[in-house]
Each structure stands twice: as structure tokens, then as C-alpha cells.
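Observations on the model geometry
What follows is the residue order along each chain.
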Amino acid sequence: MLRPEVLARAGLVLQYVVSKEVGWLRPAGCSVAEDGFKCDFISLSGRWPEEGLIRDAEKMVLDIEGSSQVSIEYVGEVSDDLIRLLGRRAAYSVNGVNAFLEFEVRPASSSVKAILVRNISAHNPTPGVSLVRLIGVAFDDLDEYREWVKYYEEAARRDHRVLGQKLELFGFYDEAGPGLVIYHPKGQVVREELIRLVREINSRLGYSEVYTPHVYKSVLWRISGHYHLYRDKMVLAEVDGEEYGVKPMNCPGHILIFKSRTRSYRDLPIRLAELGTVYRWEKRGELYGLLRVRGFTQDDGHVFAREDQVKEEVESIMREVFNLLALFGIARDNTKIYLSTRPERYIGSEDAWDKATNSLKQALDELGIPYEVREGEGAFYGPKVDVHFRDSLGRWWQCSTIQVDFALPERFNLEYIDSDGSKKRPVMIHRAILGSIERFMAILIEELEGKLPTWLSPIQVAVIPITRDVASYAEDVAKLLRDAGVRVVEDLSDETLEKRIKVAYEQAIPYLIIVGRREALQKTIAVRGRGNLQANNVRIDAFLRGLTEEIRSRALRQEALLSFL
RNA sequence: GCCGCCGUAGCUCAGCCUGGUGGAGCGCUGCCCUGGUAAGGCAGAGGUCCCGGGUUCAAUUCCCGGCGGCGGCUCCA
């Protein structure tokens, strides 16, 4: 929908008009992403522009573009150090004024017909340098512009923060603290269903679930290295003269379990899993709804393995990740897979790194999974494979992760006895399939627009009697479903039928059972699903059979209803 | 943490610029309506205008600080 060349042209013209209008803003370049342009300026006065500049700039861009008074000429690659800091930049002359652009994009020759500057913010490419950044979108076609506006409005409606409140799933409260989610009853149902799913996956993969404390003595965090590398994100407290740290990760507890006895090569791989709630004191500005919180629950797991077992482990984990995508119907377009390799600073031998990296590669290749390699982006302790999902606004979030780790086995001096009786060091694999319950739930809500599949829905069926005299029949129907384990509510309120249907729809309840005199007499029900699909004269036991199967199989579609249509 | 914007009823927001203690819609409560498929009618309750300080005869309104939210950086599950 957004075209890079058009964004690039808009960025150049914007640099021109802004520097003309505000003398102390000097163009510093524009980069183009899939969600818009980011246009930077150096403030020569040290001041910040007024909010009104946005509207003025938009108007000026359109004026000048409309009167076809723009001449854009390519000058060459930029040598200015500050501007190069933003990435490789090309210099252009816009009506004689210098403006800069991301090197890889070329500006469009067609003029900009619509431009929307969405925000003025700061960009800090490096500590101490603060640039004025205008972000926005631009189009050379008004229909495309209108289409984008519509898409954007829709995206706002899918926002998990909005839906989370509307559907009464969870909340954040000033008194509780930022980044600390409070799940309401309905959100807790979703959470528990996801956890149940995780437990099934884990047991399929051969993990044993464990449970470890939320705080440990700092001594343990010193051994693990977190005390030095991660302390600024940890919650520490001194009690009885001893310092304790709330866990930001679950690994140390699992390692203690591994170390609790001598392990044989025959015992490996040892797979431990935990729905581990961790706390990471992320900086305030980094928090974002459920997607970035301070306290969250990982579907964590650690494998203690021989090097030759890594590939197989990775393969089986990736397979489950893909099952997950299918289960929720998450489009491949909305996922990205990265393989991150050895960074400049690393621990462990080159040989071990190569072996582990190759194991990851082979596993991905054998599964035929397309992925991007990010050279040098691995953790200092090992290479990793990450799966990222896209949210409603097009931003990417890391969820599933598989990390090979040479560091912790060394720090904790882990070993097993090999077949020849010698002591060997196992490798550790850290992995999470959902990533965290919180982030995954947010992605799901946005991907599904709040319309969770029946098995995940806090309320699965609402029974609505048309008149009061069939209320008891409605209650009978509800009881029947409830006894079968279905989450059901009866709406016996005095509202009109239309109103009660609307309310149920707004709560995203997948099934409405509507009963009147006719149904009560015939002992049937009318079943209404999403998208105004309805089946009449349905036998209760037939529907219940379909419904329980739909829930059991975690169907994405409303199978129980579709079979009656 | 940095830059900008914002904080008014349970929710979404108007009022603030130009100081004289506040409104709407939804929701909630009550009454009427007993409805055949996406908002029936009437009435009522509900506010420390985020917190603290300053200016002023007087602050929801102006100024400063804090806390919280949003967008963008940086960072991450």
C-alpha cells in the first residue's frame, strides 16, 4: 500500500519545505520503512519545533508538489559523519537545497498527492545526539491514501489494549505500577487455556515440568552472570542482611536441578519446562500494553544436551512452532524467522559455535523453513533462532526463541559422564514456544481482532431467551452445556432481544443460542455464530456433540455451526 | 531512560487558549415495555477535574515538579 519511492520523495520535499520554513532545522536525512518515512533534522538552535509545524509542513509539501515547482537532483553519497551515523545516505538537491535519503531508495518522479505527518519525536542515533524526527506517510494516489486511512482505522480497532479493556480481559493500574498486568476473570480463562496448550506441547516434546522460586540469593545471580550483565533490569532487595534478586530468567533454578546428581550421557537430553513468571525492570518508555511488560510468564524450557543432539531438539521445537501458527491461522506474512550467528564478542570455542550454528541451520533447512541470517547478532553465549510476529500496526515482536548456550554450562561447571567415562560439558538450549503468555495473547487478540476461537473464548455460549416465559427452558439448555464443560452464560435481563444480541456480539462470544416458544415446544435451539450465520431447529444434543468436538480439537473455525448450514 | 503529546464520571471524550469549583454519549441503578435476531422509553445515582507545589482575592483552567498513558528512539519474551 505504501510505496518506498513515494515515501522517499515525500521525505526529500519535506526536508526542503521544513528547512525553508524553520531556518534552524537542518535536513539530516530520511529513511523509509514499510510503515512510512522517518525524516530527521538537526536543531541548530537547540529548540524543538512547535506542533503546528506538522500541519504547515503538510500543506507546504502539497502546495509545492501541486504547482510542480520541485526539481530533485541526485548529488552523490554523503560524507558528513553525523548524517552517515543514520546509515548510508545519498545527497540530493531539492530546488537547490541539500536533502538526504537512505541510500538504497530512489525518489519517485510522480508528485506527492497526500501526506500525513503523524508525529514529531526525537531520534537518538547515539548517546548525546538528539535529532528532530518527523514520521509519516505519503501517497501519489488519493485512492491509496483513503485506503490507508481505512486500514489504519481498522488497525486501531484491533489494538489489544483497547480490546483487552472492552472484553474485560486485563488491565493496567496506576496504583499497581507500570508494566504490571492484572488479569480479570475472563483474561485468566484465556491465560489458563494457553497454559493448558503449552503443557500439552511440552509433554509431547518430552519435557518435565518443574517449579522454581521467584527470588534467589544474589550469590546465585553472581554465578549465573546476571548480577553483572543484567542487574539494571533486576529487582533487588535486602532481607536480614542478605541480598536477594527477583528472577528475570528461569535458567538458574533448572540448572540446580541438573546439577543435583551426576548425569550420564544416557540421561541426555534432559528437558525441563516451567511456566516461569519473571520480572524485568524495562525502561518506562519501552513498555507497551501486553506486548512489553515488566512481569510476565514465559513458557520456558531448558534442554541439557550433547552437541550432537542440538539439531534434533531444534527441529522438534520448530515443528511445534509451526503447528502453533497453523492452530491460530497466523499468516506466514506476519511471521519472520531469524538465525543469529556469532557476534564479535563471544565465549566458547569457534568449533562449538560452528557446530551449533550448523545444527540450527540444518534443522531449519530440513524443515524447509525460509529464514533470514543475521550475522553477528547472536547472544554472546550462543547462536539462536527467533520467530517474530507482526502486530496490528505492523511492528514486529519476538515470540518463539531457541538459543544455544555455552556460557551457563561453563559458569555452573555442568558436566555429564560420557560413554568412555570422561567428564563432558553439556550444551544448554533455552527455548520458549509462545515466548511469553502476555505477548502471545496480545498478538492473538490483534491477529484475530478479539474473536478468539471457541476453545479460547472466556464465554463460549450465551443463551438468550426471547421472552420471559421461556427463561426456564433457556436455563435448562444452559445447564446442559455447562454440565458438559462449556463456558456458558444466560442473558435473562429485561433488555430487548436486539440489545441482548448486540451485547453478546460485542463481547465476542462465539455462539448465541436463541430460544423462544417454538424452540421450547420442540426442544430445539437456534444457534447463531459469528458473521450472522444461524442454524434453526437444531437438536441440542447434536449441537453439543459438535461443540465439544470443536473445543476439544481447538478448531479455528466454528465447526459446530458449519455442520448445520 | 531520551524527545514530543496527553491525563476531566466505570468507558470514550467536550470544557481549559480568554481563571469565578463541570457537561455529553455509553455503562450502572430504578420504573415502564415481554420483545423472533446488531442500541425500546422515562427517571436517577455517580467527579479530590492524576498528585504536590507556585502565581492569584479565586486554579479543572496559567507556571513548575512528580506519577501515569500514548507516539517515536534505544532495548527485548
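Everything numeric in this text was worked out from a predicted model, so none of it was measured. Numbering of residues begins from 1 in every chain and follows the order in which that chain's sequence is written. Going through the entries in the order they are written, you letter the chains from A and number the ligands from 1. In view of the model being predicted, local features appear only for residues whose pLDDT reaches at least 70, and side-chain atom pairs are presented and counted only at 80 or more, with totals across whole chains, interfaces and linings using the full set of residues. Hydrogens and water are ignored here; the side-chain numbers use all heavy atoms of the structure.

Here we come to the side chain of Glu 58. A run of H or I in DSSP becomes a helix once it reaches four residues, and a run of E becomes a strand once it reaches two; helices and strands are each numbered from the N terminus. Within the secondary structure layout, Glu 58 lies in helix 2 (residues 52–66). According to the relative accessible area criterion, Glu 58 is buried, its value standing at 14%. Any pair of residues with heavy atoms lying within 4.5 Å of one another is described as a contacting pair. Ignoring anything within four residues of it in the chain, the contact list for Glu 58 reads Ile 115, Leu 116 and Val 117. Only protein chains enter the area calculation, which uses a 1.4 Å probe; residues under 20% of their type maximum are buried, those over 50% are exposed, and those in between are partly exposed.

The next point concerns helix 6 (residues 185–204). Expected helix span is taken as 1.5 Å per residue step, with the number of steps being one fewer than the number of residues. With 20 residues, helix 6 should reach 28 Å at 1.5 Å per residue; the first-to-last C-alpha distance of 29 Å fits that figure. In this structure, the buried residues of helix 6 make contact with strand 9 (181–183), strand 15 (270–279), strand 16 (295–305), helix 10 (310–328), strand 23 (427–436) and helix 13 (437–447). Note on helix 6: the residue one or two positions beyond its end, Gly 206, has a positive phi of about 85°.

In this section: the layout of surface pockets. Definitions used for this entry: grid spacing 1 Å over protein atoms alone; cavity, a set of points where a 1.4 Å probe fits but cannot get out; pocket, an open set with protein on both sides within 12 Å along at least 5 of 7 lines; lining residue, one with an atom within 4 Å of a point. Grid points are joined across faces, edges and corners, and a volume is the space filled by probe spheres set on the points. Taken as a whole, the largest pocket spans an internal volume of roughly 1100 Å³. Lining the largest pocket are 42 residues; nearest its centre among them are Tyr 230, Met 249, Arg 280, Gln 298 and Gln 403. Secondary-structure elements contributing two or more residues to the lining of the largest pocket are helix 8 (226–229), strand 16, strand 20 (396–405), helix 12 (407–411), strand 23 and helix 13. Taken together, the residues of the lining of the largest pocket sort by class into 16 nonpolar, twelve polar and 14 charged. Its volume calculated, the second largest pocket comes out at about 910 Å³. Forming the walls of the second largest pocket are 29 residues, and the residues nearest its centre are Asp 35, Arg 118, Leu 393, Gly 394 and Arg 395. For the lining of the second largest pocket, the secondary structure elements donating two or more residues are strand 2 (36–43), strand 6 (114–126), strand 7 (129–139), helix 4 (142–158) and helix 13. Per-element tally for the lining of the second largest pocket: the top contributor is helix 4, with six residues. What fixes the domain bounds is an automatic or database domain assignment. Both domain 1 (4–154) and domain 2 (162–212 + 247–447) contribute no fewer than three residues apiece to the lining of the second largest pocket. Note on residue classes: Ala, Val, Leu, Ile, Met, Phe, Trp, Tyr, Cys and Pro are nonpolar, Asp, Glu, Lys and Arg are charged, and everything else, Gly too, is polar.

Any two strands between which DSSP finds at least two bridges are classified as paired. As summarised here, the arrangement of the five strands in space is 25-24-26-27-28, forming an open sheet in which the pairing is mixed. The open sheet has two edge strands, strand 25 (488–490) and strand 28 (534–539), and neither has a second partner. The average angle at which neighbouring strand axes cross in this sheet is 25°, direction not considered. Examined bridge by bridge, strand 24 (residues 461–465) and strand 25 share three bridges and lie parallel to one another. The residue bridging Val 463 from the neighbouring strand is Glu 490, located in strand 25. To get an axis, a line is fitted to the C-alpha atoms, and for a helix only the part in contact is used. The angle between two axes follows their N-to-C directions and goes from 0 to 180 degrees. In the packing of helix 14 (residues 471–483) onto the sheet, the strands contacted are strand 24, strand 25, strand 26 (511–515) and strand 27 (524–528), and the crossing angle to strand 25 comes to about 170°.

By the secondary structure assignment, Phe 258 is in helix 9 (residues 251–259). C-alpha of Phe 258 to C-alpha of Val 303: the two residues are 45 residues apart in sequence and 9.9 Å apart in space. For Phe 258, the residues in contact, after removing those within four places along its chain, are Arg 263, Leu 268, Ile 270, Phe 304, Leu 414, Glu 415 and Pro 426.

Looking at soluble globular proteins, one finds that nonpolar side chains tend to be buried together. We call a set of buried Ala, Val, Leu, Ile, Met, Phe, Trp, Tyr and Cys residues a nonpolar core when their side-chain atoms join them within 4.5 Å. Counting 64 residues, the largest nonpolar core has Leu 194, Met 318 and Phe 328 as the members making the most contacts within it. A per-element tally of this core places helix 10 first, with nine residues. Composition of this core by domain shows at least three residues from each of domain 2 (162–212 + 247–447) and domain 3 (454–562). Ignoring sequence-local partners within four residues, the contact set of Met 318 consists of Ile 337, Leu 364, Leu 367, Ile 369, Val 385, Val 387 and Ile 402. Within the second largest apolar cluster, 44 residues are counted, among which are Tyr 16, Phe 41, Tyr 92 and Leu 101.

This part takes up the protein's contact with RNA strand B. Around RNA strand B, the structure places 55 residues, and the nearest of them are Lys 38, Arg 292, Cys 399, Ile 466 and Arg 468. Of all RNA strand B atoms lying within 4 Å of any protein atom, the proportion belonging to sugar or phosphate reaches 51%. At 2.4 Å from a base oxygen of RNA strand B is found a side-chain nitrogen or oxygen belonging to Arg 292. Interatomic distance of 2.3 Å between a backbone N/O atom of Ile 466 and a base nitrogen of RNA strand B. Among the residues forming the surface near RNA strand B, the class breakdown is 16 nonpolar, 16 polar and 23 charged. Nearness of a residue to a molecule or strand requires only that one of the residue's heavy atoms be within 4 Å of it. Any N or O atom pair separated by 3.5 Å or less is treated as a polar contact, with the protein-specific requirement of one donor-capable and one acceptor-capable atom, and with residues adjacent in sequence counted only for side-chain atom pairs.

This part takes up the domain arrangement of chain A. By domain assignment, chain A separates into domain 1 (4–154), domain 2 (162–212 + 247–447) and domain 3 (454–562). Put simply, the middle of domain 1 and the middle of domain 3, counted by C-alpha atoms, are 54 Å apart.

Interaxial distance between helix 6 and helix 10 falls to 12 Å at its minimum, and their mutual angle equals 145°. At the point where helix 6 passes helix 10, the crossing takes the right-handed sense. The residues of helix 10 that touch helix 6, namely those facing Leu 194, Leu 197, Ile 201 and Arg 204, are Glu 320, Asn 323, Leu 324, Leu 327 and Phe 328. Split into classes, the residues belonging to the contact of helix 6 with helix 10 amount to six nonpolar, one polar and two charged. By definition, any crossing whose near helix is turned counterclockwise from its far helix by less than a right angle is left-handed, and any crossing with a clockwise turn is right-handed.

On to the side chain of Arg 530. Residue position: Arg 530 is located in the loop between strand 27 and strand 28. Looking at Arg 530, its side chain comes within polar contact range of the main-chain oxygen of Leu 452, at 2.7 Å.

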